[in-house]
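# A closer look at the structure
Residue strings, one per chain:
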Amino acid sequence: MTEHATDWLGVPSEWRRLEKDVGAYHDGELRGRRLRQVEAHLAECPTCRAELERLRALATLLQESPAPADLMPPDRFVAQVGLRLPRRSERTVWQKGLEIGWRVAPLGLLGAWAFAETVFFVAGVVLIALRVGIGGEFLPRFRWDALQSAHPAWLVQMVSLLGLDLSGASESILQVLSGWGWGVTLHLVTLVVVGLLYFSWLASWWARRQHQRMQPASMSASTPTPTPTAGSRADGRADGRDRYPRPQS
Amino acid sequence: MGRGSPSTEEELELIARAKQGDRHAFGELVRRHREGVVNVVYRMCGDANLAEDAAQEAFIRAWQHLPGYRPRSPFRNWVYRIATNAARDVLRRERETVDVDKLSLTAQDAGPEAKLVGRERGERVRLAVLALPPASREVLVLREYEGLSYREIADTLEIPIGTVMSRLNYARSWLRKSLAPYLEEL
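If you're wondering where the values come from, they're calculated on a predicted model, not measured in any experiment. (Residues numbered from 1 in each chain as written. Chains lettered and ligands numbered in written order. Predicted model: local features only at pLDDT ≥ 70, side-chain atom pairs only at ≥ 80, totals over all residues. Heavy atoms only, no water.)

When you go through chain B residue by residue, the secondary structure sums to eleven helices and zero strands. Moving toward the C terminus, one meets the helices and strands of chain B in the order α-α-α-α-α-α-α-α-α-α-α. Relative to its 186 residues, chain B shows a buried fraction of 59%. In chain B, of all internal contacts separated by at least 6 residues, the share reaching a separation of at least 24 is 67%. Carbon and sulfur atoms make up 49% of the accessible area of chain B, which amounts to about 7,600 Å² in all. (Helix = DSSP H or I, 4+ residues; strand = E, 2+ residues; numbered from the N terminus. Buried < 20%, exposed > 50% of the residue type's maximum accessible area, 1.4 Å probe, protein only. Contact = heavy atoms within 4.5 Å. Areas by Shrake-Rupley, 256 points an atom, 1.4 Å probe, with all protein chains shown as cover.)

Encoded structure:
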């Protein structure tokens with residue numbers, strides 16, 4: 001459409017867009033306002049009308065290409081497909097259980113994470129209460145001294161290296177650091193484990209989804225699935241190619 | 001089922017039964033879509049015999065993957081996707097079937113007498129379509145011979161609508177050049 005009137009008139013891109021829409025109009029792809037615009041444009045533009053006629057002529061010509069002839073009757077075709085259908089493996093109860101488990105795994109992880117957080121929170125509250133002397137009477141066997149002396153060896157060593165003694169203020173700081181260190185470490189480990197498991201599940205979910213989406217496409221890359229009668233035909237021909245000559249130029 | 005319409009209730013019932021392993025239900029689906037699938041593969045590979053084999057292969061693949069089918073898109077489009085993939089496999093195996101360079105030359109060199117023969121003209125059209133690049137050919141076949149909308153073609157081939165339009169445009173431009181002598185007669 002190089003000789004379109006808009007080329008030399010410098011008519012804006014709107015008309016150029018309408019030119020491109022002639023194909024979509026021909027294919028019945030336009031609706032509403034766009035359809036009316038193109039119809040109006042066609043009414044006043046002989047170049048685009050000619051383009052539309054050429055598209056229609058091509059469509060008519062394409063229909064002259066013969067449909068495949070000498071095909072086997074539908075019943076026979078269906079029967080042959082039926083003969084070649086492989087057995088489809090049924091999923092066992094165990095597999096179905098695994099599938100359900102896999103689907104609810106995120107909920108399980110969420111529950112585990114919520115449980116761990118609750119435990120940490122309650123433990124923290126209890127320890128703080130005991131530290132400030134509240135609730136000790138409800139725990140008659142609780143030995144605060146034993147807890148105080150349970151510093152990790154590395155922390156004691158570090159304090160020694162710093163030249164501090166384990167009495168008075170240093171002892172208090174040590175207690176705080178010791179309790180805080182263990183708490184944070186456990187907290188972090190829990191978060192990392194739950195997070196890793198969750199992201200692993202997400203990755204497997206994504207991979208599975210991709211696999212399902214690409215199933216038909218991926219099949220193109222593979223060789224046809226061997227079937228009991230693959231390579232042979234029920235009508236007795238090895239491959240039947242004698243019926244149709246190759247396209248000759 | 002009209003062209004472009006979603007799967008009917010009856011067809012959805014057949015699909016559900018076939019998913020459960022009902023071979024008779026699947027046979028009915030095959031019967032309903034045989035013609036379209038054979039036609040698509042035939043237009044893609046140009047050999048009716050190969051097309052029937054590839055169509056059977058496509059239905060077998062459909063059977064195997066039916067449990068993964070979700071009726072969001074029409075069953076016909078889903079089967080067409082498998083059929084176009086089967087056709088591509090056929091083309092890969094049978095590269096020698098069509099000599100593209102020869103085809104374009106013959107289409108241009110056809111004499112006036114041959115042009116008058118409808119059968120001959122149809123054959124030239126078939127060969128010209130076969131000479132298109134496969135990516136453009138499958139879009140043209142789904143549009144011109146199966147009447148799929150741009151959206152359906154995009155879903156079937158898993159490509160953007162813009163790509164559908166550009167490939168269709170390319171195919172038509174190419175065909176208009178290679179079939180120019182025949183278009184002038186119309």
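A separate point is the pattern of salt bridges. Summed over all chains, the structure comprises 24 salt bridges over all chains. The shortest N-O distance in the salt bridge between R172(B) and D27(A) comes to 2.7 Å. Pair noted here: R172(B) is in helix α10 (residues 161-178) and D27(A) is in the loop between α2 (13-26) and α3 (32-44), and the two residues belong to different chains. When the shortest N-O distance is used, the salt bridge between R31(B) and E28(B) registers 3.6 Å. With a gap of three residues between them, R31(B) and E28(B) both fall in helix α2 (residues 23-45), about one helical turn apart. The network of salt bridges with shared partners includes D75(A), E10(B), E28(B), R31(B) and R32(B). (Salt bridge = Lys/Arg side-chain N within 4 Å of Asp/Glu carboxyl O.)

Turning to the nonpolar core, a few remarks are in order. Residue and element names in this part refer to chain B. F26, V37 and L175 are the most contacted members of the largest nonpolar core, which totals 77 residues. The element contributing the most residues to this core is α2, with eleven residues. Setting aside residues no more than four positions away along its own chain, V37 makes contact with A55, A58, F59, V79, Y80 and A83. (Core = buried A, V, L, I, M, F, W, Y, C linked by side-chain atoms within 4.5 Å.)

Once that is clear, we can look at the side chain of E138(B). Residues and elements named next belong to chain B. For E138, the location among the structural elements is in helix α8 (residues 134-145). In this structure E138 comes out as buried when scored by relative accessible area, which is 4%. If near-sequence neighbours (up to four positions away) are discounted, E138 is found in contact with M44, T84, R88, L157 and R167.

The subject of this paragraph is unusual backbone geometry. Positive phi outside glycine occurs at E158(B), with the angle close to 55°. Topologically, E158(B) is positioned in the loop between α9 (150-157) and α10.

Residues and elements named next belong to chain B. Taking 1.5 Å as the rise per residue, α10 with 18 residues should run 26 Å; its terminal C-alpha atoms sit 26 Å apart, in good agreement. Every buried residue of α10 is accounted for by V164, L168, A171, R172, L175 and S178. Considered in projection along α10, the buried side chains sweep an arc of 130° and stay on one side of the axis. Seen from the open side of α10, the exposed residues pointing more than 90 degrees away from its buried face are N169 and K177. (Expected span 1.5 Å × (residues − 1). Arc of directions from axis to C-beta.)

Looking now at the environment of A171(B). Residues and elements named next belong to chain B. In this fold, A171 is placed in helix α10. By relative accessible area, A171 is classed as buried at 0%. Sequence spacing of A171 and A135 is 36 residues, and the spatial spacing of their C-alpha atoms is 9.4 Å.

The tally for this structure, following the rule as stated, stands at one cavity of 30 Å³ or more. Counted as a void, the largest cavity has a volume near 40 Å³. If you trace the largest cavity, you find it lined by S65(A), R43(B), V125(B), R126(B), V129(B), L130(B) and Y145(B). The greatest single-element share of the lining of the largest cavity, amounting to four residues, is contributed by helix α7 (residues 118-130) of chain B. Here the residues of the lining of the largest cavity are counted per class, giving four nonpolar, one polar and two charged. (1 Å grid on protein atoms, 1.4 Å probe; cavity = no way out; pocket = protein on both sides within 12 Å on 5 of 7 lines; lining within 4 Å. Points joined across faces, edges and corners; volume = space filled by probe spheres on them. Nonpolar A, V, L, I, M, F, W, Y, C, P; charged D, E, K, R; others polar.)

Residues and elements named next belong to chain B. Contact pair helix α4 (residues 75-93) / α9: the axes reach a minimum separation of 8 Å and the direction vectors enclose 55°. Between α4 and α9, the interaxial angle falls into the category oblique. As for how α4 packs across α9, the hand of that crossing is right-handed. Between α4, through R76, N77, Y80, R81, T84 and R88, and α9, the contact on the second element is made entirely by E152, D155, T156 and L157. Tallied by class, the residues present in the contact of α4 with α9 amount to two nonpolar, three polar and five charged. (Axes fitted to C-alpha atoms, helices over the stretch in contact; angles between N-to-C directions. Parallel < 35°, antiparallel > 145°, perpendicular 65-115°, else oblique. Left-handed = near helix turned anticlockwise from the far one by under 90°.)

A few words now on the side chain of D89(B). All names here are of chain B. Examined against the element boundaries, D89 turns out to sit in helix α4. Overall, the relative accessible area of 4% leaves D89 in the buried class. In terms of polar contacts, D89 uses its side chain to reach the side chain of R61, at 2.6 Å. (Polar contact = N/O pair within 3.5 Å; in protein donor to acceptor, adjacent residues only side chain to side chain.)

So, about the packing of α4(B) against α8(B). All names here are of chain B. Here α4 crosses α8 at 140°, and the two axes come no closer than 12 Å. Relative to α8, α4 is oriented oblique. Between α4 and α8 the crossing geometry is right-handed. For the pair formed by α4 and α8, the contact residues are Y80, T84, R88 and L91 on the first element and P134, R137, E138 and L142 on the second. Taken together, the residues of the contact of α4 with α8 sort by class into four nonpolar, one polar and three charged.

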